[in-house]
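A closer look at the structure
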Amino acid sequence: MRIAILIAAAALILAVPAQAKVPFVKKAQELGFAEVKDCKACHVGAPKKGGEMTARGKFLEETKAKKKAAEVDLNWLKDYKGK
């Protein structure tokens, strides 16, 4: 019984970091960007700070820097001309 509880707790703890930016995916879809299905729309491999980005991710990071914004605004995707 104790082992089952520990396994369940470990699964929940490990699942939380993987879902850290899921709201970004959901918000992008709500804004009409149906092609954004998961984190790989902007990240190559597992999302992490300083990790490799796709062209879409690079666009968002560059726009963030140009606007001196604290965080990426997914409304900027309307200006993204890539695929």
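Below you will find a few notes about this structure. The structure presented is a predicted model; accordingly, all values stated were derived computationally and were not measured. (Residues numbered from 1 in each chain as written. Predicted model: local features only at pLDDT ≥ 70, side-chain atom pairs only at ≥ 80, totals over all residues. Heavy atoms only, no water.)

**A few points about the overall build of the chain**
- Secondary structure assignment for the chain yields three helices and zero strands.
- The order of helices and strands in the chain, counted from the N terminus, is α-α-α.
- Within the chain, the fraction of its 83 residues that count as buried is 23%.
- Long-range contacts, defined as pairs at least 24 residues apart, comprise 26% of the intrachain contacts of the chain with a sequence gap of at least 6.
- With the model as given, the accessible surface of the chain reaches about 6600 Å², and the carbon-plus-sulfur share is 62%. (Helix = DSSP H or I, 4+ residues; strand = E, 2+ residues; numbered from the N terminus. Buried < 20%, exposed > 50% of the residue type's maximum accessible area, 1.4 Å probe, protein only. Contact = heavy atoms within 4.5 Å. Areas by Shrake-Rupley, 256 points an atom, 1.4 Å probe, with all protein chains shown as cover.)

**A look at unusual backbone geometry**
- Look at Lys68: it is not a glycine, yet its phi comes out positive at around 50°.
- With respect to the element layout, Lys68 can be found in the segment after helix 3 (55–67).
- Residue Lys68 is classed as exposed on the basis of its relative accessible area, which comes to 75%.

**What to know about the nonpolar core**
- Core analysis: the largest hydrophobic core is formed by 13 residues, its most contacted members being Ala28, Val36, Leu60, Leu74 and Leu77.
- Elements supplying a minimum of two residues to this core: helix 2 (22–30) and helix 3.
- Excluding residues that lie within four positions of it along the chain, Val36 makes contacts with Val25, Ala28, Gln29, Ala41 and Arg56. (Core = buried A, V, L, I, M, F, W, Y, C linked by side-chain atoms within 4.5 Å.)

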